[in-house]
Structure formats: C-alpha cells, structure tokens
Amino acid sequence: MLSNVFYLLTLGGIAAALPAEADCPRIRCMDAINECGIKWGRCYDMCTQGQPAPPPCPPPPPSITTITVPTTSVPTTITSAAPCTSTGTACVDYIKDCGSPPTAILTYGGCFPACGPTPTFTPPPCPTPTVTETAVPTA
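Within each chain, residues carry numbers counting from 1 in the order of the written sequence. Given that the model is predicted, a residue must reach a pLDDT of at least 70 before its local features are reported, and side-chain atom pairs must reach 80 or more before they are shown or counted; all residues, however, enter totals for whole chains, interfaces and linings. Each side-chain value is derived from all of the structure's non-hydrogen atoms; neither hydrogens nor water enter the calculation.

### Some points on the overall build of the protein
The cut-off we apply is this: For helices the rule is a DSSP run of H or I covering at least 4 residues; for strands it is a run of E covering at least 2, with both sets numbered from the N terminus onward. Only protein chains enter the calculation, and the probe is 1.4 Å; a residue is then buried if its accessible area is under 20% of its type maximum, exposed if over 50%, and partly exposed in between. Values of accessible area rely on a 1.4 Å probe in the Shrake-Rupley scheme; residue burial ignores everything except the protein chains shown.
Helices and strands together make up the secondary structure of the protein, namely 1 helix and 4 strands. Listed N to C, the secondary structure of the protein is α-β-β-β-β in terms of helices and strands. Evaluated residue by residue, the protein yields a buried proportion of 11% over its 139 residues. Surface exposure of the protein reaches about 11700 Å², of which carbon and sulfur atoms provide 62%.

Here you go:
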C-alpha cells in the first residue's frame, strides 16, 4: 500500500512538472489608457509572459522663458534739410505683449515708401484663451 501511495505521488509530480502544451500559447490582446490619458495596447502570451505594463508618461515640456522687449515707436515726422530723394522702402516692426505675465507676444508693422508719410500701425488684439475639455474614462 505504501508503494502505491509513493507511485501516485511520483506520477502526480511528473504530471505537474510537464507543461500544459495543449492550452498554450494563449495570446491575449489588451487596449488601455495610461495615467496620462495616452491610449496604448499590446498582445502577449499568457503562458510565457506577464501582463505588460503601460508606457511611461512623456516628460513635461521644458519651461519657456519670456523676454519682454519694450515697444518702440517710429517718429511720425521726418525733418531734413534736403528734400527726400530715396526711392527705397522703410519697414517697421512692433512687438505687443499680451497678459501679465505675457502669455502671447504679437508682432505687427509694415513697410512704406521711404519718402512718403509714416503710417500709423494699430496693434492687433490679444487672443482670448480657449478651454477644451476632454473626458477620460476611468477603469
């Protein structure tokens, strides 16, 4: 009787040590969203691999340093001893800061005949911020 028990235990140990090839490979595919809201998915063999981990979140963007350039104006009248004989073009560029601290920097200006009157350039309006809401499903 003791030999039968020993025989059954040995046979059970051999059966447990053998891979269950009939059930493998077992491929599972999954689609998910990581903690940053980025969609990802992967397929893996459940017999030989563990469940894959989500990809890491991308690093935050580098900080932006804003340099404030004072707005300069072009004189509205040009006085000279001799009459203007230039046939060239004069151009002016202006900078407008929007917000405090600045959230947008706008450029404006234009070109005009060098001997003609200097036009007045009106600064453009600052953009209004828009908010977009995105729903992220939770598991």
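After presenting the structure, the write-up continues.
### Observations regarding the state of the cysteines
Going by this rule: Counting rule for disulfides: a pair of cysteine sulfur atoms within 2.5 Å.
One pass over the full model with this rule turns up 5 disulfides. Disulfide pairing is shown between C24 and C47; the S-S distance is 1.9 Å. As the torsion about the S-S bond is roughly -90°, the C24-C47 disulfide counts as left-handed. One end of the pair, C24, is in the loop between α1 (2-17) and β1 (27-33); the other, C47, is in the loop between β2 (39-45) and β3 (89-98), with 23 residues separating them in the sequence. Exposure remark for C47: the relative accessible area of 33% places this residue in the partly exposed category.

### Digging into the confidence of the model for the protein
Formally: Known as pLDDT, the predictor's per-residue confidence is scaled from 0 to 100.
Scored by pLDDT, the protein comes out at a mean of 74, with 69% of its residues at no less than 70. Mean pLDDT in the protein bottoms out at α1, which sits at 52, and peaks at strand β4 (residues 104-113), which reaches 87.

### With respect to unusual backbone geometry
In this chain, C24 is followed by P25 through a cis amide linkage whose omega measures 0°. If you trace the backbone, P25 turns up in the loop between α1 and β1.

### Considerations on the side chain of N34
Put simply, the rule reads: For the purposes of these results, a polar contact is taken to be a pair of N or O atoms within 3.5 Å, where, inside protein, one atom must be able to donate a hydrogen and its partner to accept one; residues adjacent in sequence count only when each atom of the pair is a side-chain atom.
Residue placement: N34 occurs in the loop between β1 and β2. Owing to a relative accessible area of 6%, N34 belongs among the buried residues under this scheme. Looking at N34, its side chain comes within polar contact range of the main-chain nitrogen of I38, at 2.9 Å.

### With respect to the side chain of D45
Test applied: By the counting scheme adopted, Arg and Lys are positive, Glu and Asp are negative, and His together with the chain ends is not counted. We define a salt bridge as a side-chain nitrogen of Lys or Arg found within 4 Å of a carboxyl oxygen belonging to Asp or Glu. By the convention used here, residues are in contact when the closest approach between their heavy atoms is within 4.5 Å.
With respect to the helices, strands and loops of the structure, D45 is situated in strand β2. Buried charge D45 goes without a salt bridge, the closest partner of opposite sign being R26 at 7.0 Å. At a separation of 2.9 Å, a polar atom in the side chain of D45 contacts the main-chain amide nitrogen of C47. Setting aside anything within four residues of it in sequence, one finds D45 in contact with P25, R26 and I27.

### Things to note about the environment of G109
Following the sequence through the fold, G109 ends up in strand β4. Between the C-alpha atom of G109 and that of V92, which follows or precedes it by 17 residues, the distance is 5.4 Å. Ignoring sequence-local partners within four residues, the contact set of G109 consists of V92, Y94 and F121.

### Section: the packing of aromatic side chains
To describe a pair of aromatic rings, one takes the distance between the centres and the angle between the planes. Put simply, the test is: Only centres within 6.5 Å qualify two rings of Phe, Tyr or Trp (six-membered ring in Trp) as a pair; their planes then separate them into stacked at under 30 degrees, edge-to-face at over 60, and tilted for everything else.
Scanning the entire structure with this criterion turns up 2 aromatic pairs. With centroids separated by 5.2 Å and ring planes inclined at 20°, the aromatic side chains of Y94 and Y108 adopt a geometry described as stacked. Of this pair, Y94 sits in strand β3 while Y108 sits in strand β4, placing them 14 residues apart in sequence. On the accessibility criterion, Y94 (12% relative accessible area) is buried. With a centroid separation of 6.3 Å and 50° between ring planes, the pair formed by Y94 and F121 is classed as tilted. Taken together, the residues span a long stretch of sequence, with Y94 in strand β3 and F121 in the segment after β4 at a distance of 27 residues. Residue class for F121 comes out partly exposed when judged on its relative accessible area of 21%.

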